[in-house]
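Report on the structure
One-letter residues, chain by chain:
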Amino acid sequence: MTNSEICVACHTPHNADQSGAAASAPLWNHFNDTYASYSTYSSTTLNAGVGGVAGQPSGLSKLCLSCHDGRVGLDAFGGSLGTPTETMTLLYPTSSFGVDLGNDHPISISYSAGDPELQATTFAPGGNWGTAQVSDVLFGAGTVECASCHDVHNGGDPYKMLVFSNSGSELCLGCHNK
């Protein structure tokens, strides 16, 4: 990226994209990846969706994936399609998931207290999560998204950008009781 303004890769004060997933992101300026066939998390022990397979990423997670799936250039902002070779995959290989999300925490799934598998392994949405409530980190209709655990604006942990410390698995144990 040749622009020295750090916020411009994601935000703009004028002519922001406020459609689709970007509608929930203030003044969105980054090119949105329209890829719709991710390989998603599946499990025989978690009813993440139809047949235990999580649905396709949506909402805020799609905005995260617009950089982290390695398909869109990091410099794809301000109306530019960017340089395909300047992707998160090449610059930060460990920060790119690609389009196979099968071995990552499921995203865009409902955190429903009515799901028997979830009831056995997680706290109820009104339960405590560190200093917050579980419901405080759910989005839309109570879904788990990338931003449930990560805060891109967190300057305290620039490597993983966690919403708070995972020392002693604190972050994970905020939702998971095992």
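Starting afresh in each chain, residues are numbered from 1 along the sequence in its written order. For a predicted model such as this one, the threshold for reporting local features is a pLDDT of at least 70, and the threshold for listing and counting side-chain atom pairs is 80 or more; totals across whole chains, interfaces and linings nevertheless cover every residue. Computation of side-chain values covers all heavy atoms of the structure but excludes hydrogens and water.

1. Observations concerning the overall build of the chain
Runs of E in the DSSP output that reach at least two residues are strands. Runs of H or I that reach at least four are helices, and both are numbered from the N terminus. Scanning the chain from N- to C-terminus turns up 4 helices and 4 strands. Put simply, the chain runs from its N terminus to its C terminus through helices and strands in the order α-α-β-α-β-β-β-α. Between buried and exposed lies partly exposed: a residue is buried under 20% and exposed over 50% of the maximum accessible area for its type, with that area taken using a 1.4 Å probe on protein chains only. Taken over 178 residues, the chain has a buried fraction of 35%. Any two residues whose heavy atoms approach within 4.5 Å are treated as being in contact. Intrachain contacts of the chain at a sequence separation of at least 6 include 55% that bridge at least 24 residues. Accessibility throughout is a Shrake-Rupley quantity obtained with a 1.4 Å probe, and a residue counts as covered only by protein chains that appear here. Accessible surface, the chain as shown: approximately 10100 Å² in total, 58% of it carbon and sulfur.

2. Examining unusual backbone geometry
At Ser-108, a residue that is not glycine, the phi angle is positive and equals roughly 60 degrees. Summarising the element assignment, Ser-108 is placed in the loop between helix H2 (88-91) and strand E1 (109-110). A relative accessible area of 14% means that Ser-108 is categorised as buried.

3. Describing the side chain of Asn-29
Relative to the elements of secondary structure, Asn-29 occurs in the segment before helix H1 (59-68). Relative accessible area serves as the criterion here: at 13%, Asn-29 is assigned to the buried category.

4. Comments concerning the environment of Val-99
Along the chain, the position of Val-99 falls in the loop between H2 and E1. When the C-alpha positions of Val-99 and Ala-36 are compared, they lie 9.3 Å apart, and in sequence the two are 63 residues distant. Not counting the four nearest positions on each side in its chain, Val-99 is found in contact with Tyr-35, Tyr-38, Ser-39, Asp-69 and Arg-71.

5. Quick word on the state of the cysteines
Counting rule for disulfides: a pair of cysteine sulfur atoms within 2.5 Å. Taken as a whole, this structure holds 0 disulfides when the rule is applied. With no disulfide of its own, Cys-149 lies 6.7 Å from the sulfur of Cys-175, the closest cysteine sulfur. By relative accessible area, which is 12% here, Cys-175 ends up buried.

6. A few points about H1
Counting buried residues along H1, 7 of its 10 residues qualify, which places the element largely inside the surrounding structure. Looking only at H1, the buried set comprises Leu-60, Ser-61, Lys-62, Leu-63, Leu-65, Ser-66 and Cys-67.

7. Examining the confidence of the model for the chain
For every residue, the pLDDT score states the predictor's confidence, bounded by 0 at the bottom and 100 at the top. Put simply, the chain has an average pLDDT of 74, and 70% of its residues get 70 or more. Mean pLDDT in the chain bottoms out at strand E2 (residues 128-129), which sits at 61, and peaks at strand E4 (residues 143-144), which reaches 84.

8. Observations regarding the nonpolar core
In plain words, nonpolar cores are sets of buried Ala, Val, Leu, Ile, Met, Phe, Trp, Tyr and Cys residues tied together by side-chain atoms within 4.5 Å. One finds Ile-109, Tyr-111, Val-134, Leu-138, Val-144 and Cys-175 forming the largest nonpolar core, which totals 6 residues. With near-sequence residues (within four places) excluded, Val-144 lies in contact with His-105, Pro-106, Ile-107, Ser-108, Ile-109, Tyr-111 and Leu-138. Tyr-38, Leu-65, Leu-101 and Cys-146 belong to the second-largest nonpolar core, a separate cluster that totals 5 residues.

9. Structural notes on the environment of Ser-58
With respect to the helices and strands, Ser-58 occurs in the segment before H1. With 51 residues separating them in the primary sequence, Ser-58 and Ile-109 have C-alpha atoms 9.3 Å apart. Not counting chain neighbours up to four residues away, the residues in contact with Ser-58 comprise Ser-108 and Glu-145.

10. Description of the side chain of Ser-148
With respect to the helices and strands, the residue Ser-148 is situated in the loop between E4 and helix H4 (170-173). A polar atom in the side chain of Ser-148 sits 2.6 Å from the backbone oxygen of Val-137. Definition of a polar contact: a pair of N or O atoms within 3.5 Å, with one able to donate and the other able to accept a hydrogen when the atoms are protein atoms, and with sequence-neighbouring residues admitted only if both atoms are side-chain atoms.

11. Structural notes on the environment of Gln-133
Inspection of the secondary structure assignment puts Gln-133 in strand E3 (residues 132-133). Among the residues examined, Gln-133 registers a relative accessible area of 29% and is labelled partly exposed.

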